[in-house]
Amino acid sequence: MLPRRSELDRPPVANADQILLVFALAEPTLDPHQLSRFLVKAESTELHVCLCLSKSDLVTTNEQQHWRSRLEAWGYPPLLISVYKLLGLPELSAYLNQQITVVSGPSGVGKSSLINHLVPEANLRVGEVSGKLARGRHTTRHVELFELSSGGLLADTPGFNQPELNCPPEELAHHFPEVRQHLAIASCQFSDCLHRNEPGCVVRGEWERYQYYLDMLEEAIAHQQTLEKLGDAESNVKLKTRRQGRQEYEPKLETKKYRRPSRRVQQQVLQALQEEALLDSDD
Ligand SMILES: Nc1nc2c(ncn2[C@@H]2O[C@H](COP(=O)(O)OP(=O)(O)OP(=O)(O)O)[C@@H](O)[C@H]2O)c(=O)[nH]1
Ligand SMILES: [Mg+2]
Ligand SMILES: [Zn+2]
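Quantities reported herein were computed from a predicted structural model and do not represent experimental measurements. (Residues numbered from 1 in each chain as written. Chains lettered and ligands numbered in written order. Predicted model: local features only at pLDDT ≥ 70, side-chain atom pairs only at ≥ 80, totals over all residues. Heavy atoms only, no water.)

### Focus on the coordination of the zinc ion (ligand 3)
Here is step 1: Within the protein, the atoms that donate to the zinc ion (ligand 3) are Cys-188 (SG), Cys-193 (SG), His-195 (ND1) and Cys-201 (SG), at distances of 2.1 to 2.4 Å.
Here is step 2: Classification of the site at the zinc ion (ligand 3) as tetrahedral follows from its four donor atoms and the range of 105 to 115° in their angles at the metal.
Here is step 3: Residue class for Cys-201 comes out buried when judged on its relative accessible area of 12%. (Donors = N, O, S within 2.8 Å, 3.2 Å for Na, K, Ca; no water. Tetrahedral: all angles 85-135°; square planar, octahedral: opposite > 155°, others 65-115°. Buried < 20%, exposed > 50% of the residue type's maximum accessible area, 1.4 Å probe, protein only.)

Take a look at the structure:
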């Protein structure tokens, strides 16, 4: 096994250099909230993120231009492609050259179709999109690496629709290029500013995704609180400070195991488990 330079948990891929996030311009409809969640999730890996908009053959040039300038303002100049009409593919190939790239995105956006075009011998199964929302059908079920003839590896991955936002609340803002840009020229009055209502905040303001940031922040805070409570309820070790300030974990007393957790903790654990089950079934 080679040493690991990077490691993703979902999809499980080690030593990737970059993420190619694929979203379709249509079929399924491009949802800016969903795209933002994927972008934040991708940024949290600290790998380089490239945004690719597929199925450009399905929309007008006006629509293409709309998304191009909107996403440029977010900090992600997109690469527009069509596998059907063979558009934008040489530019994309240049980006993939000699790199290990994870291809990620919702189900049905054409990840496997793209890889089939770039690596014909991959011969991947491709699925129809269906239903009113033209959702994908989760055709790809596993992660596989393919070798590009020009050098480099591409990982096909199963699409999923709702990435979980599990980054610490104080890190969230750094996953928005717009915020990084603000903070490169000025600082908030408080170093631990969460950019909500704090005085002297330089991030709060009129950028398009500011409300998305606030919504995701609420979610990240709730997620952290659930984790803390789960930890409290389930942990069977406790931190003990010994002589000379040395800290050690020691098992909690046996009797603890039989003590009923409080109703409140039981409720929270249940709720967290239910949410987890819902997220899984959404995939
Ligand atoms: N119009 C158009 N349709 C495309 C294009 N590329 C792929 N498709 C269609 O999009 C549908 C989904 O393609 P897939 O390659 O299976 O999508 P995927 O992203 O791998 O989906 P999952 O494996 O479910 O995550 C198929 O019906 C493809 O034929 C394109 O450039 N234009
Ligand atoms: Mg696929
Ligand atoms: Zn601030």
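Structure's up, so let's keep going.
### Points about the site of ligand 1
Here is step 1: If you check the shell around ligand 1, you find 22 residues, and the closest are Tyr-84, Ser-107, Lys-111, Ser-113 and Thr-140.
Here is step 2: One of the side-chain N or O atoms of Ser-112 is found 2.9 Å from an oxygen atom in ligand 1.
Here is step 3: One of the side-chain N or O atoms of Thr-140 is found 2.8 Å from an oxygen atom in ligand 1.
Here is step 4: If ligand 1 stood free it would expose 660 Å²; the protein chains cover 94% of that surface.
Here is step 5: Across the shell around ligand 1, the residue classes tally to seven nonpolar, 11 polar and four charged. (Near = heavy atom within 4 Å. Polar contact = N/O pair within 3.5 Å; in protein donor to acceptor, adjacent residues only side chain to side chain. Areas by Shrake-Rupley, 256 points an atom, 1.4 Å probe, with all protein chains shown as cover. Nonpolar A, V, L, I, M, F, W, Y, C, P; charged D, E, K, R; others polar.)

### Concerning unusual backbone geometry
Here is step 1: Across the junction of Glu-27 and Pro-28, the peptide omega takes the value 0°, indicating a cis bond.
Here is step 2: Among the structural elements, Pro-28 can be located in the loop between strand 3 (18-24) and helix 1 (32-43).
Here is step 3: Of note in the backbone geometry, Gln-98 takes a positive phi value of approximately 65° without being a glycine.
Here is step 4: Relative accessible area serves as the criterion here: at 55%, Gln-98 is assigned to the exposed category.
Here is step 5: The phi dihedral of His-138 is positive, around 55°, even though this residue is not glycine.
Here is step 6: With respect to the helices and strands, His-138 occurs in the loop between helix 4 (111-118) and strand 7 (144-147). (Helix = DSSP H or I, 4+ residues; strand = E, 2+ residues; numbered from the N terminus.)

### As for the coordination of the magnesium ion (ligand 2)
Here is step 1: Looking at the magnesium ion (ligand 2), one finds its protein donor set to be Ser-112 (OG) and Thr-140 (OG1), positioned 2.0 to 2.1 Å from the metal centre. In this pair, Ser-112 is assigned in helix 4 and Thr-140 in the loop between helix 4 and strand 7, connecting sequence segments 28 residues apart.
Here is step 2: Ser-112 gets classed as buried once you look at its relative accessible area, which sits at 7%.
Here is step 3: Looking at Thr-140, the relative accessible area reads 15%, which means it is buried.

### Section: the packing of helix 3 (residues 89-96) against helix 4
Here is step 1: Their axes nearest at 12 Å, the elements helix 3 and helix 4 cross at an angle of 85°. It follows from the interaxial angle that helix 3 and helix 4 lie roughly perpendicular. From helix 3, Leu-89, Leu-92, Ser-93 and Leu-96 reach across to helix 4, where they touch Leu-114, His-117 and Leu-118.
Here is step 2: Class assignment of the residues belonging to the contact of helix 3 with helix 4 gives a composition of five nonpolar, two polar and no charged. (Axes fitted to C-alpha atoms, helices over the stretch in contact; angles between N-to-C directions. Parallel < 35°, antiparallel > 145°, perpendicular 65-115°, else oblique. Contact = heavy atoms within 4.5 Å.)

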